Structures are given as structure tokens and as C-alpha cells.
Amino acid sequence: MAKEASVTEHRVVLVVDRGQPEVVPGKLVVCEGDVIVFQSVGAGGVTLVFPAGILVDGGSGEPVTHCDFAVEERPRLVARLSGVRPGVFTYAAYCRASNDVAIGGSQPKIIIYR
């Protein structure tokens, strides 16, 4: 009998720490089919920009290459990995309140393995 693949839900939070926008965790290790929930908490509105072809909207299944958050709404993006080759993918999180790009140890990364 074939073993079913398990799906894990991961959380990525965008915060402002001592005036510097930050992505926590900065490096996220995931598998095909996993779900990632991105949320902005007090980061003054955030725009996320992803490489094409790694994320799809968790509800509609449409490709996701960017997402704009309005902080007042405590927004979140639920995305799923679908049909992605293993690799390391850097993405950007721009915070409007600080007019700066968020850090995550360095640039935030999604690391996909099988």
C-alpha cells in the first residue's frame, strides 16, 4: 500500500523589530504540497514578491507572484507549493511604514526539498 504524503502548514510572520522590518523565520524549509501562511503583524503594510512558479493561492489555485497586505486588517496569504522543483528561492518583503525591505537573516528564502 502506498504511503500518503503528509502536508504541513508553515507560518511566516512579518514584524517590525526595533524599526527594522523582519521576516520570521527567515529561511523556511518546505515540501511539495505544503501550505505556507504569510501574515503581517504591525509591519505597516507589506508587499511580498515571489519568484514565478513556486506558490499558488491556497483557495483559488491561481499562481501567486505578489501580495499586498493592509496592516489594519491583520492580513494573511495562504499559499500552497504545487509542481515545484527542489531548490532555494529568495523572495522580497517590502514594508511601507519603514520604506525598507524586510530582512530574514539575509533575504528571506523558501527552501524546497522532496
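What counts and what doesn't
- Residues numbered from 1 in each chain as written.
- Predicted model: local features only at pLDDT ≥ 70, side-chain atom pairs only at ≥ 80, totals over all residues.
- Heavy atoms only, no water.
- 1 Å grid on protein atoms, 1.4 Å probe; cavity = no way out; pocket = protein on both sides within 12 Å on 5 of 7 lines; lining within 4 Å.
- Points joined across faces, edges and corners; volume = space filled by probe spheres on them.
- Helix = DSSP H or I, 4+ residues; strand = E, 2+ residues; numbered from the N terminus.
- Nonpolar A, V, L, I, M, F, W, Y, C, P; charged D, E, K, R; others polar.
- Pairing = 2+ DSSP bridges.

> Account for empty space enclosed by the protein, with residues named and values stated.
Applying the stated rule across the entire model yields 1 cavity of 30 Å³ or more. Surrounding the largest cavity, 10 residues form its lining, Leu14, Pro21, Val46, Cys95 and Ala102 being those nearest its centre. Of all the secondary-structure elements, those providing two or more residues to the lining of the largest cavity are strand 1 (9–17), strand 2 (20–24) and strand 11 (92–95). The element that contributes the greatest number of residues to the lining of the largest cavity is strand 11, accounting for 3 residues. Classifying every residue of the lining of the largest cavity by side-chain character gives 9 nonpolar, no polar and 1 charged.

> Outline the sheet that holds strand 9 (residues 76–81), listing residues and values.
Strand order across the open sheet formed by 6 strands is 2-1-4-9-6-7, with mixed pairing between neighbours. Every other strand in the sheet has two partners, leaving strand 2 and strand 7 (63–64) as the edge strands with one partner each. Direction of pairing for strand 1 relative to strand 4 (residues 35–40): parallel, over a ladder of 6 bridges. Looking at strand 4, one finds that leucine 14 is bridged to serine 40.

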